[in-house]
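Structure assessment
If you want the building blocks of each chain, they are given just below.
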Amino acid sequence: QVQLVESGGGLVQVGGSLRLSCAASGRTFSRYAMGWFRQAPGQEREFVAAVSWSGAITSYADSVKGRFTISTDNAKNTAYLQMNSLKPEDTAVYYCAARPRSVVPSTYGYEYDYWGQGTQVTVSS
């Protein structure tokens, strides 16, 4: 079992920055691919970013490419999502997810086995 706890969400103005953290506990973190997804009210969950366990492979949604950066610190069992130049359309609940079956990141939520409880990000204009 893996437990994931997100933190770092909050209210920020347009153009501001936030860094989300996802602390993992349980089984070996360094063998997992990690992903971030988000869900806005009335919308389906969507892929944001993903990273291989080594950090060598990353993937981003087109809507966040160049603004968001995903990373991991295996020594701390933590994944991060640095979000810069935030826009109102980035407002959502952000979830981190772990994919123990593969070290390769995936853009599909159903390929992740473990999910955090989510953290709210609100970007005001």
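Refer to the structure presented above.
Everything numeric in this text was worked out from a predicted model, so none of it was measured.

Each value, and the rule that gives it
- Residues numbered from 1 in each chain as written.
- Predicted model: local features only at pLDDT ≥ 70, side-chain atom pairs only at ≥ 80, totals over all residues.
- Heavy atoms only, no water.
- Helix = DSSP H or I, 4+ residues; strand = E, 2+ residues; numbered from the N terminus.
- Rg over C-alpha atoms; globule rule 2.2 N^0.38 Å.
- Contact = heavy atoms within 4.5 Å.
- Buried < 20%, exposed > 50% of the residue type's maximum accessible area, 1.4 Å probe, protein only.
- Core = buried A, V, L, I, M, F, W, Y, C linked by side-chain atoms within 4.5 Å.
- Salt bridge = Lys/Arg side-chain N within 4 Å of Asp/Glu carboxyl O.
- Disulfide = S-S within 2.5 Å.

**Some thoughts on the overall build of the protein chain**
Per the secondary structure count, the protein chain includes zero helices and eleven strands. Along the protein chain, from the amino end to the carboxyl end, the secondary structure elements read β-β-β-β-β-β-β-β-β-β-β. Computed over its C-alpha atoms, the radius of gyration of the protein chain comes to 13 Å, within 12% of the 14 Å expected for a compact globule of 125 residues. If you line up the protein chain on its principal axes, its C-alpha atoms span 40 × 25 × 25 Å. Of the contacts made within the protein chain by residues no fewer than 6 positions apart, 59% connect residues no fewer than 24 positions apart.

**Comments concerning the side chain of S106**
Residue placement: S106 occurs in the loop between β9 (92–99) and β10 (114–115). Classification of S106 as buried rests on a relative accessible area of 6%. If we ignore the near neighbours within four places in the chain, the residues touching S106 are F37, F47, A50, R99, E111 and Y112.

**A short note on the nonpolar core**
Counting 35 residues, the largest nonpolar core has L4, W36, L81, M83 and Y94 as the members making the most contacts within it. Of all elements in the fold, only β1 (2–7), β3 (18–26), β4 (33–39), β5 (46–51), β7 (68–73), β8 (78–83), β9 and β11 (119–124) reach the threshold of two or more residues within this core.

**Focus on the pattern of salt bridges**
The final tally for this structure, using the stated rule, is five salt bridges. As a salt-bridge pair, D90 and R67 come within 2.7 Å of each other at their nearest N and O atoms. With D90 in the loop between β8 and β9 and R67 in the loop between β6 (58–60) and β7, the pair connects residues that are 23 residues apart, well separated along the chain. On the accessibility criterion, R67 (10% relative accessible area) is buried. Here the salt bridges share partners, and the residues they tie into one network are R38, E46, R67 and D90.

**Thoughts on the state of the cysteines**
Applying the stated criterion to the full structure yields one disulfide. A disulfide bridge connects C22 with C96, and the sulfur atoms are separated by 2.0 Å. Where C22 bonds to C96 through sulfur, the torsion about that S-S bond is close to 55°, and the disulfide is right-handed. Taken together, the residues C22 in strand β3 and C96 in strand β9 connect sequence positions 74 residues apart. Among the residues examined, C22 registers a relative accessible area of 0% and is labelled buried. Given the relative accessible area of 0%, C96 is considered buried.

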